[in-house]
Amino acid sequence: MKFQLYIAIIFLITTSVLTNHEKKINLREIAAEVNSDRTLSWKASAYGQNEVDISEIMKKFGAKFRKSDQLTSIKFTNVVQNETKVGFGSGYPTSYDAREEYPHCPSISHIRDQSTCGSCWAVSAASVFSDRLCIHSNGKYTDELSSRFMLSCDNNGDGCKGGYLDMAWEFLKKRGTLTGGEFGSKEGCQPYPFPPYVWYLPFIEYSTPQCLENECNNESYEYDYEPDLIKARDIYHVGDFTGSSINAYYIQDEILNNGPVQAFLVAYLDLLTYQSGIYRHYRQRGQVPLAGHAVKIIGWGEEFGVKYWLISNSWGENWGEKGTFRMIRGENHCNIETGVYAGIPEL
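Residues numbered from 1 in each chain as written. Predicted model: local features only at pLDDT ≥ 70, side-chain atom pairs only at ≥ 80, totals over all residues. Heavy atoms only, no water.

Caption draft 1: Structural context of the pairing of strand E13 (residues 324-328). Taken across its five residues, E13 has five buried, putting it largely inside the fold. Sheet analysis places strand E10 (residues 274-279) next to E13, joined by two bridges and oriented parallel. Within E13, the position partnered with Ile278 by the bridge is Arg326. Sheet topology note: the strand E12 (residues 306-312)/E13 ladder contains five bridges and is antiparallel. Directly across from Tyr308, in E13, lies its bridge partner Ile328. (Buried < 20%, exposed > 50% of the residue type's maximum accessible area, 1.4 Å probe, protein only. Helix = DSSP H or I, 4+ residues; strand = E, 2+ residues; numbered from the N terminus. Pairing = 2+ DSSP bridges.)

See below:
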């Protein structure tokens, strides 16, 4: 019953903007409260901001949650057979970082910036798929894959207003995606359309870009659209929807065997202020979930007996630990171990 109620709450917050929030929030106050609590293992920063508008902050998120009975043809890892490097649930290293394991795959280290568009669902999926294309091709393909194509052409998503992680992978299997670097990079067929977000500058709201079928919008790119398409061969949900601790093992196993994974999490206001350390939601009075967010898990570790996930965010390198953050592992904290997705590229 408790888990069903939790899922119901998640479903509500990811399908509509919460109405019981104040219109403005003070990030300096939240950061100060976090930093004054000596029981927490992380530090916070307001990143030069004071009061911010909730409607603007919502643009930093964008992941919508789907319950298990709403999923279509996506598989679960317990029925997907892959070769394993280690036995399930045993032999895992205390710490693991995919950036160090695959130094020939630069996309794993690259931190993307979704800007003020609720595109985390597409940005993190494209980032994970880029990593896996490099890993499974043994470094033959190292180009960044485009999140723009998925963001603008996936009819099951809502563009800059959010989308579903499982449907993003369905799109990668059925339609595939193209190459595409960051805004202004002139890399790939369809680069990202929005400039990086600067926390202390006035907010600019971006709309979903037009879907470009059968064409590259980068005049500097020398290849054609059709040969540029990369599709997923297999797509699947990692673990199950019970929120049990065994899901952490499924996730570790998947990262070790096939590369980084995409994960849904329930985001609270204090996540915006994360600066360093191992994140655990600061349960200040009256604070409720803000939105759903999608990220990329690239490894794990342990510090002073505290187990954590190593995660790449899509808020640029000036946020967190150079664009990454660490979060409590093994407790399904903020639902991080329940909505995890991945796929294998078609080579």
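Caption draft 2: Quick look at the state of the cysteines. With the rule as written, the count across this model stands at four disulfides. With its sulfur 2.1 Å from that of its partner, Cys105 forms a disulfide with Cys134. Taking the sign of the S-S torsion, -85 degrees for the link of Cys105 and Cys134, the bridge is left-handed. One end of the pair, Cys105, is in the loop between helix H4 (98-101) and helix H5 (120-136); the other, Cys134, is in helix H5, and 29 residues separate them in sequence. For the pair formed by Cys105 and Cys134, the shared burial category is buried. The partner cysteine of Cys189 in its disulfide is Cys216, sulfur to sulfur 2.0 Å. Taking the torsion about the sulfur-sulfur bond, which here is approximately -100 degrees, the covalent link between Cys189 and Cys216 counts as left-handed. Taken as a pair, Cys189 in the loop between helix H7 (165-174) and helix H8 (225-228) and Cys216 in the loop between H7 and H8 lie far apart in primary sequence, 27 residues in all. Shown here for the protein chain is a disulfide pattern of 1-3, 2-5, 4-7, 6-8, where each number marks a bonded cysteine counted in sequence order. Summary of cysteine pairing: Cys120 is not part of a disulfide, and the nearest cysteine sulfur, belonging to Cys117, is at 9.0 Å. (Disulfide = S-S within 2.5 Å.)

Caption draft 3: Geometry of H5. Between its terminal C-alpha atoms H5 stretches 24 Å, which fits the 24 Å expected from 17 residues at 1.5 Å a residue. Remark: Asn138 follows H5 within two positions and exhibits a positive phi of approximately 55 degrees. (Expected span 1.5 Å × (residues − 1).)

Caption draft 4: Spotlight on the nonpolar core. Core analysis: the biggest nonpolar cluster contains 98 residues, and Leu272, Ile297, Phe325 and Ile336 have the highest contact counts within it. With ten residues, H5 is the single largest residue contributor to this core. (Core = buried A, V, L, I, M, F, W, Y, C linked by side-chain atoms within 4.5 Å.)

Caption draft 5: Region of interest: unusual backbone geometry. The phi angle at Asn214 is positive, at roughly 60 degrees, despite the residue not being glycine. Considering the arrangement of structural elements, one finds Asn214 in the loop between H7 and H8. Taking the relative accessible area as the measure of exposure, Asn214 reaches 58% and is therefore exposed. Despite not being glycine, Phe304 has its phi angle at roughly 50 degrees, a positive value. Structurally, the position occupied by Phe304 is in the loop between strand E11 (291-303) and E12.

Caption draft 6: Here's a closer look at a nonpolar patch on the surface. A contiguous nonpolar surface patch, about 310 Å² in accessible area, is contributed by Val198, Tyr200 and Leu201. Counting through the fold element by element, Val198 comes out in the loop between H7 and H8. (Patch = residues over 30% accessible without salt bridge, like charges linked within 9 Å, V, L, I, M, F, W, Y side chains within 5 Å. Areas by Shrake-Rupley, 256 points an atom, 1.4 Å probe, with all protein chains shown as cover. Salt bridge = Lys/Arg side-chain N within 4 Å of Asp/Glu carboxyl O.)

Caption draft 7: Spotlight on the pattern of salt bridges. Following the criterion strictly, the structure yields eleven salt bridges and no others. Two residues, Asp158 and Lys64, come together in a salt bridge whose shortest N-O distance is 3.9 Å. Separated by 94 residues along the polypeptide, Asp158 in the loop between helix H6 (148-153) and strand E7 (163-164) and Lys64 in strand E4 (residues 63-64) bring together distant segments of the chain. Looking at Asp158, the relative accessible area reads 38%, which means it is partly exposed. For Lys64, a relative accessible area of 19% translates into the label buried. For Glu213, the salt bridge identified is with Arg175, shortest N-O distance 2.7 Å. Placement of the pair is Glu213 in the loop between H7 and H8 and Arg175 in the loop between H7 and H8, with a sequence separation of 38 residues. On the accessibility criterion, Glu213 (38% relative accessible area) is partly exposed. Given a relative accessible area of 28%, Arg175 falls into the partly exposed group. Among the charged side chains, a salt-bridge network with shared partners connects Glu303, Glu321 and Arg326.

Caption draft 8: Structural view of the environment of Gly239. For Gly239, the position within the fold is in the loop between strand E8 (232-237) and helix H9 (246-258). For Gly239, a relative accessible area of 5% translates into the label buried. Spatially, the C-alpha atom of Gly239 lies 9.0 Å from that of Tyr341, the residues being 102 residues apart in sequence.

Caption draft 9: Quick look at H7. In terms of residue burial, H7 counts as a mostly covered element, since eight of its ten residues are buried. Note on H7: the residue one or two positions beyond its end, Gly176, has a positive phi of about 80 degrees.

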